[in-house]
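If you want the building blocks of each chain, they are given just below.
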Amino acid sequence: MAKSLLSHGMTMEEFLALKQDHNITLPNSVIDMFEGSLGIPEGGWPEHIAKIILQGRKTTEGRPGAAMPAVDLDETAKKLEAAIEEKPSRTDLMSYLMYPEVFVKFAKSRADHGDIEVLPSPAFFYGMAKGEEISFDIEAGKTLIVKFLTTSEPNPDGTRNVFFELNGQPREVQVKDKTLKSTMAERAKADPSNPGHVAAPIPGAVTTIHVKEGTEVKKGAPLLVLEAMKMQTTVTAPNDGTVKEILVKTGETVEPKDLLVILE
């Protein structure tokens, strides 16, 4: 919720001043929590905040798990094995049951890149500075020492050569430089004065599109889902209308205020 407020440039005081029929897009996880998917705290949620977040949605009564259907663990394990193309561990199965979409993406990343949990967090999140050296254990008694040296100028295909030392030995790999400017035209920005323009509330990747051009929607109907930092946010229709144009595709990344959908 804090990340969501920051992405909107909104203070807590401004959030508390919102009416129940606001058009601010909130993270699905926050809405689910206030609906009772994790249970209701003693005394309930603060009533005013709950009205802003739920916007008339119903809350779950009693223990959340009581109304859930029973799960066949063996059958689910087979389904998961087919999805990730490897036999899942017990932890994998439990993770999939709790976060099905997120876990499948995690498993694909793990298959592509290996166990990146061994990397120091600063190096994983921010990369290494020139001359920086890190070490990490890949198994018992086996430590890798990596020293980042430098990178080359961009190659014509948008890659760079990365030079580093691995346990004191010089190494070189070629990687795609995602920071290079694209030759494609920039995305159009939503016009705040146009009620039919639906803007991206946060930076992220489009994971699901719920509508097609020509679809009639009511105010609050889900249009598409954005994902950033494992936080999913459903972008909803700000008013009744018909989908005139969809300007994004699944897998594409967007920035705040990018025009996603046009309603008429």
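Everything numeric in this text was worked out from a predicted model, so none of it was measured.

Caption draft 1: Expanded view of the pairing of strand β1 (residues 133-139). One ladder, built from six bridges, connects β1 with strand β2 (residues 142-151); its direction is antiparallel. When the bridges of β2 are listed, D137 appears paired with T143. If you look at the hairpin formed by β1 and β2, you'll find two residues sitting between the two strands, and G141 has a positive phi there, around 80°.

Caption draft 2: Here's a closer look at the sheet that holds strand β11 (residues 253-254). Strand order in the open sheet formed by four strands is β9-β8-β6-β11, and the pairing between neighbours is antiparallel. Bordering the open sheet on either side are β9 (231-236) and β11, each of which pairs with just one other strand. Strand direction decides the pairing type here: strand β8 (residues 222-228) and β9, joined by six bridges, are antiparallel. The residue bridging E227 from the neighbouring strand is Q232, located in β9.

Caption draft 3: View of the pattern of salt bridges. Enumeration over the complete set of coordinates arrives at seven salt bridges. One salt bridge connects D112 with K108, and the closest N-O pair in it is separated by 3.0 Å. Residue D112 and its partner K108 are located together in helix α7 (residues 100-113), separated by four residues, close to a single helical turn. Residue K108 is classed as exposed on the basis of its relative accessible area, which comes to 54%. In this structure, K189 and D258 form a salt bridge, with 2.5 Å as the shortest nitrogen-oxygen distance. Highlighted residues: K189 in the loop between β4 (169-176) and β5 (197-199) and D258 in the loop between β11 and β12 (259-263), separated in sequence by 69 residues.

Caption draft 4: Region of the structure containing the packing of aromatic side chains. One pass over the structure, following the stated rule, counts four aromatic pairs. Between F124 and F125, the ring centres sit 5.0 Å apart and the planes meet at 80°, which makes this aromatic pair edge-to-face. One aromatic cluster is present, built from ring pairs that chain together F124, F125 and Y126.

Caption draft 5: Representation of the sheet that holds strand β7 (residues 216-217) within the structure. The sheet built from four strands is open, its strands ordered β5-β12-β10-β7 with antiparallel pairing. Two strands close off the open sheet at either side, each with one partner strand: β5 and β7. As judged from the three bridges shared by strand β10 (residues 241-246) and β12, these two strands associate in the antiparallel manner. Bridge assignment links E245 to a residue of β12, and that residue is I262.

Caption draft 6: The side chain of D177, seen in detail. In this fold, D177 is placed in the loop between β4 and β5. Separated by 2.3 Å, the side chains of D177 and R160 make a polar contact. D177 has contacts with G158, T159 and R160, leaving out every residue within four places of it along the chain.

Caption draft 7: Representation of the packing of helix α3 (residues 28-35) against helix α4 (residues 47-54) within the structure. Where α3 contacts α4, the axes come no closer than 10 Å and their chain directions differ by 125°. Comparing the axis directions of α3 and α4 gives the class oblique. The crossing of α3 and α4 is left-handed. Within the contact between the two elements, α3 uses V30, I31, F34 and E35 and α4 uses I49, A50, I53 and L54. Taken together, the residues of the contact of α3 with α4 sort by class into seven nonpolar, no polar and one charged.

Caption draft 8: Spatial organisation of the nonpolar core. One finds V217, L223, L224, L226, L260 and V261 to be the most contacted residues of the largest nonpolar core, which totals 21 residues. Of all the elements in the fold, those that place two or more residues in this core are β8, β9, β10 and β12. Here this core gets four residues from one element, more than from any other, and that element is β8. Setting aside anything within four residues of it in sequence, one finds L224 in contact with T208, I209, H210, T233, T234, V235, V248, L260 and V261. By size, the runner-up hydrophobic cluster in this structure holds 13 residues, among which are F34, A50, I53 and L54.

Rules used throughout
Residues numbered from 1 in each chain as written. Predicted model: local features only at pLDDT ≥ 70, side-chain atom pairs only at ≥ 80, totals over all residues. Heavy atoms only, no water. Pairing = 2+ DSSP bridges. Helix = DSSP H or I, 4+ residues; strand = E, 2+ residues; numbered from the N terminus. Salt bridge = Lys/Arg side-chain N within 4 Å of Asp/Glu carboxyl O. Buried < 20%, exposed > 50% of the residue type's maximum accessible area, 1.4 Å probe, protein only. Phe/Tyr/Trp six-rings, centres within 6.5 Å; stacked < 30°, edge-to-face > 60°. Polar contact = N/O pair within 3.5 Å; in protein donor to acceptor, adjacent residues only side chain to side chain. Contact = heavy atoms within 4.5 Å. Axes fitted to C-alpha atoms, helices over the stretch in contact; angles between N-to-C directions. Parallel < 35°, antiparallel > 145°, perpendicular 65-115°, else oblique. Left-handed = near helix turned anticlockwise from the far one by under 90°. Nonpolar A, V, L, I, M, F, W, Y, C, P; charged D, E, K, R; others polar. Core = buried A, V, L, I, M, F, W, Y, C linked by side-chain atoms within 4.5 Å.

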